[in-house]
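# Structural characterization, general
The chain contents come next:
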Amino acid sequence: MDKQINQGKIIQWYPGHMTKTKRLIEENIKLVDIVIELLDARAPYSTKNPDIDKLAQNKMRIVILNKADLADEKVTKEWINWYSSHNVKVVPIIATNGKGIKEVVQIAEDLLREKIERDKARGRIYRPIRAMIVGIPNVGKSTFINSLVGKGTAKTGDKPGVTRGKQWVKIRKGFELLDMPGILWPKFEDQTVAKHLAYIGSINDNILDNRDIAISLLEQGLKEFKGALETRYKLELPDDGYEAFKAIGMKRGLIAAGGQLDELRTAQIIIDEFRAGKWGKISIEFPKRG
Ligand SMILES: Nc1nc2c(ncn2[C@@H]2O[C@H](COP(=O)(O)OP(=O)(O)O)[C@@H](O)[C@H]2O)c(=O)[nH]1
Ligand SMILES: [Mg+2]
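Notes on the structure follow.

Rules and cut-offs
- Residues numbered from 1 in each chain as written.
- Chains lettered and ligands numbered in written order.
- Predicted model: local features only at pLDDT ≥ 70, side-chain atom pairs only at ≥ 80, totals over all residues.
- Near = placed C-beta within 6 Å.
- Helix = DSSP H or I, 4+ residues; strand = E, 2+ residues; numbered from the N terminus.
- Nonpolar A, V, L, I, M, F, W, Y, C, P; charged D, E, K, R; others polar.
- Axes fitted to C-alpha atoms, helices over the stretch in contact; angles between N-to-C directions.
- Parallel < 35°, antiparallel > 145°, perpendicular 65-115°, else oblique.
- Contact = placed C-beta atoms within 7 Å.
- Core = buried A, V, L, I, M, F, W, Y, C linked by C-beta atoms within 7 Å.
- Buried ≥ 20, exposed ≤ 12 C-beta atoms within 10 Å, placed from the backbone.
- Expected span 1.5 Å × (residues − 1).
- Arc of directions from axis to C-beta.
- Pairing = 2+ DSSP bridges.
- Right-handed = clockwise from strand over helix to strand, strands pointing away.

Among the 16 residues in the neighbourhood of ligand 1, the closest are listed as A95, G140, K141, S142 and T143. Sorting elements by how many residues they give to the shell around ligand 1 places helix α6 (residues 141-149) first, with three residues. A breakdown of the residues in the shell around ligand 1 according to their chemical character gives six nonpolar, seven polar and three charged.

A few words now on the packing of helix α8 (residues 210-224) against helix α10 (residues 241-251). Remark: α8 packs on α10, axes separated minimally by 8 Å, with the N-to-C direction vectors making an angle of 105°. Here α8 is positioned roughly perpendicular relative to α10, judged by the angle of their axes. On α10, the residues that touch A214, I215, S216, L218, E219 and L222 of α8 are G241, Y242, A244 and F245. In the contact of α8 with α10, the residues fall into seven nonpolar, two polar and one charged.

Ranked by internal contacts, the top residues of the largest apolar core, which has 45 residues, are I34, V35, I36, I62, I64, A131 and M132. Formed by 25 residues, the second largest nonpolar core is a distinct cluster that contains A198, I213, I270 and F274.

Quick look at helix α11 (residues 263-275) now. Given 3.6 residues per helical turn, the α-helix brings residues three or four places apart onto the same face. End to end, α11 covers 18 Å across 13 residues, agreeing with the expected 18 Å (1.5 Å per residue, within 8%). Buried within α11 we find T266, A267, I270, I271 and F274. Axial view of α11: buried residues confined to an arc of 125°, hence all on one face. Buried residues belonging to α11 abut α7 (191-200), α8 and α10. Backbone geometry just after α11 places G277 at a positive phi near 80°.

Here the focus is the pairing of strand β2 (residues 60-66). The buried count for β2 comes to six of seven residues, which makes it a mostly enclosed element. Pairing of strand β1 (residues 34-40) with β2 involves seven bridges; the strand directions are parallel. Among the inter-strand pairings, I34 is bridged to a residue of β2, identified as M60. By the bridge criterion, three bridges tie β2 to strand β3 (residues 90-92) in an arrangement that is parallel. Across the sheet, residue V63 finds its bridge partner in β3, namely V90. Considered for its hand, the β-α-β crossover made up of β2, helix α4 (residues 73-85) and β3 is right-handed.

Structure, rendered in C-alpha cells:
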C-alpha cells in the first residue's frame, strides 16, 4: 500500500507556502475574539490542522463539523459526544443549505455575552466582537461564510492565510466576521491522513495518482461498507481493491481507445461519486472511544 502513495510528493507539496501562511494566520487571529474551525464531518481527525490549537490559544473556539449531509449520522453523533466530553463547543452543519447555522450563531452569541459582561465589569469600552473562520482546503469555508452572512454579501476569495485588505462583515449587531477564511495546511506526514484527505478532495488531485486514491478508497470501502458499494454499482464485488476497481470500470463500459479499461476515467468516476455522496452517508473516521 505504501508504494501506492508517494510520500515524497506530499511532503514537497507544501512547505513553500507554509511559513507565510502561518504568519498571516497568526496576525489575523490576533484581531479576533472567536475562531471558528471548520472540519469535514466525514474525517474530523484528518481535516484538523495540526497547529490550530496552538495558533488559536486563548481564543474562544467553535468547532464545526461541516458536510454533515455526507457523513454517517451515528458517527457524527459520536464525534459530537467526543468533543463535548472534551469541553469543546461543536456544531454539525450543512453549509450548502444553511442547516446548523443558527446554532453556530447562538453559540457565538453565548460566548460573546460572557465576554461583554467581563469587559463591562472591567470598565472596558464596548466594541464589536470579531470572528474568523479557519480550515484546510475544501472543508466548506467559503460556502459557510456565504451561508452565515447571507448570499451575495460576502466576497469569499481563496487566499492562503488571509489577505491584506481585511474586510469585516456584519453578522448581527455587534458581531462581525472576517470575510476571508484563513486557509490552513493539513496534516501531511501520515499516510492514512493523506489518503483520507485525498478521498474528500482536501489535497489536490494532482498530488496523488487518482488510480491509487480510487483503489485505496475502494479497499477501505470493501472492508467497511461493502454493501453500499455493491448497491451503488449493482455488482457483486471482489474483496481486492484493484479487482473491484476493474469490475466497476468494466460494468460502466469505461473502455479506452485500445480496448482496455480506461483506468483514469474509472478512477475519476469512483472518486467523484464518493465525494458527491452517491455511496450513501459515509464517515471515514471515528473518534477513539473513551
Ligand atoms: N454536500 C455538501 N457539500 C458542501 C458543503 N459545504 C460545502 N460543500 C461543497 O464543498 C466544496 C468546497 O466548498 P468551499 O466552500 O469552496 O470550501 P473551502 O475550500 O473550504 O472554501 C464545494 O463544492 C461546496 O459546494 C456541505 O455542507 N455539504
Ligand atoms: Mg474557499
